[in-house]
Amino acid sequence: MFDLIKMIVKVRYWTLALIITSFFLVSSFVIYLIEPENFPNPFIGFWWVMTTVTTVGYGDYVPETIPGQLFGLFLYIIGIGLVGVGLGKVVEAFGIYRRLKEEGRLNFNGHDHFVLVGWSQRAEKTANEILLAREDAIIVLIDTIDKIPFEHSRFHFIQGDATDRSVLDKAHVSQASAVLVFAPDQILDPSFTDGKTLLIASTIESYATEKSKDIYTIVEISKERHIPNFKHANVEAFVLSSEAFSDLMAKSALQKGSTSLFMKLLSADQGDNIWEIKKKPSWKTYNDAFEALKEMGANLLADHQDFGITRRLDEEIPFDAKLYVICDQQTYEKLR
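Throughout what follows, the structure given in this document is the object of discussion. For clarity, every value in this text was computed on a predicted model and none was experimentally measured.

Definitions and cut-offs
- Residues numbered from 1 in each chain as written.
- Predicted model: local features only at pLDDT ≥ 70, side-chain atom pairs only at ≥ 80, totals over all residues.
- Heavy atoms only, no water.
- Buried < 20%, exposed > 50% of the residue type's maximum accessible area, 1.4 Å probe, protein only.
- Helix = DSSP H or I, 4+ residues; strand = E, 2+ residues; numbered from the N terminus.
- Pairing = 2+ DSSP bridges.
- Phe/Tyr/Trp six-rings, centres within 6.5 Å; stacked < 30°, edge-to-face > 60°.
- Salt bridge = Lys/Arg side-chain N within 4 Å of Asp/Glu carboxyl O.

Because side chains alternate across strand 4 (residues 178-181), one face comprises the buried residues Ala178 and Leu180, and the other comprises Val179 and Val181, equally buried. Pairing analysis gives four bridges linking strand 1 (residues 114-117) to strand 4, with the strands arranged parallel. The residue of strand 4 that forms the bridge with Leu116 is Leu180. The pairing of strand 4 with strand 5 (residues 217-221) spans three bridges and is classified as parallel. Residue pairing for strand 5: Val179 is matched across the bridge by Thr217.

Moving on to the packing of aromatic side chains. All told, the structure shown has nine aromatic pairs when counted by the stated rule. Relative to Tyr332, the ring of Trp275 has its centre 4.3 Å away and its plane inclined at 15°; by these criteria the two rings are stacked. Separated by 57 residues along the polypeptide, Trp275 in strand 7 (residues 272-277) and Tyr332 in helix 11 (residues 329-335) bring together distant segments of the chain. Considered together, Trp275 and Tyr332 belong to a single accessibility category, that of buried residues. Joined through ring pairs, the aromatic side chains of Phe23, Phe24, Phe71 and Phe74 make up one cluster.

Any two side chains of opposite charge can pair, given that their charged atoms come close. One pass over the full model with this rule turns up 11 salt bridges. For Arg98, the salt bridge goes to Glu102, with nearest N and O atoms at 3.3 Å. Taken as a pair, Arg98 and Glu102 lie in helix 3 (residues 66-102) at a separation of four residues, close to a single helical turn. The partner of Arg134 in a salt bridge is Asp136, and the shortest N-O contact between them spans 3.2 Å. By sharing partners, the salt bridges in this structure join Arg99, Glu103 and Arg105 into a single network.

Take it as geometry only, folks, not as evidence of what the structure does.
Right under this line is the structure:
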């Protein structure tokens, strides 16, 4: 039904555009035939028609005969009306587009975007951080809510259930840089919460297999004991919502002031951040990477999840290394 409505709107628009264009072209030839001495060619007639119907009226070309002036009066009445109708149709089209975008009914056709599944305060905070950290980042939200919850030029909304493959197609998930699945706030039982999240994650991984794409999926989990179930679904990364808060509280109590460091790293507006970089061919050992990065203003932090590489700087860097550094975005761009 929605596709049919879009088709009808499109046909009406182009039909009106054809009528208006034809009217102006015919009028150009009519005034040329009525007064060829004042309008030496149809293009001059077209110029006069357009300045007349748009009420600009430069006065460089004017009809001097009674038939020409009568035709000018005809243009005032009909032509200006057609221009008004055409402009109204354009405004209406923009209004329809805005309404459909707010309702999440327009497809997203970009790539390398970030897909957020499920809207919550945590999702809003994540969206803000991503948009702040990268000026070219585009976010697409998938949720069943009725209206877009966040206004931003680089934020798009797709209404629907993330377990529906047609909804994943609308969000162009196959071309996404990453998919972030947030635990729903409406479900109080952690087991049911993780169960719904697991269903969404499994659907995304199955969808990725069908599309022969490697979709990086990050999932918010309520209970740590459910992680093996998500690993079985080939989910790449996990964030423990409740345990993460408890860990930060504990670290703040044991190491006073440490929480502010974590918060600075988690916030994109603090300058320095954690970035993933590729191994350079000239780096044979971790010490080579450490010294080279230090010269550029970056600190080597870890390889994959191993934070102990700074105690093994003489070891050779493996070919599948995934190095992480701490630096600001300007330094990161140089490293890239």
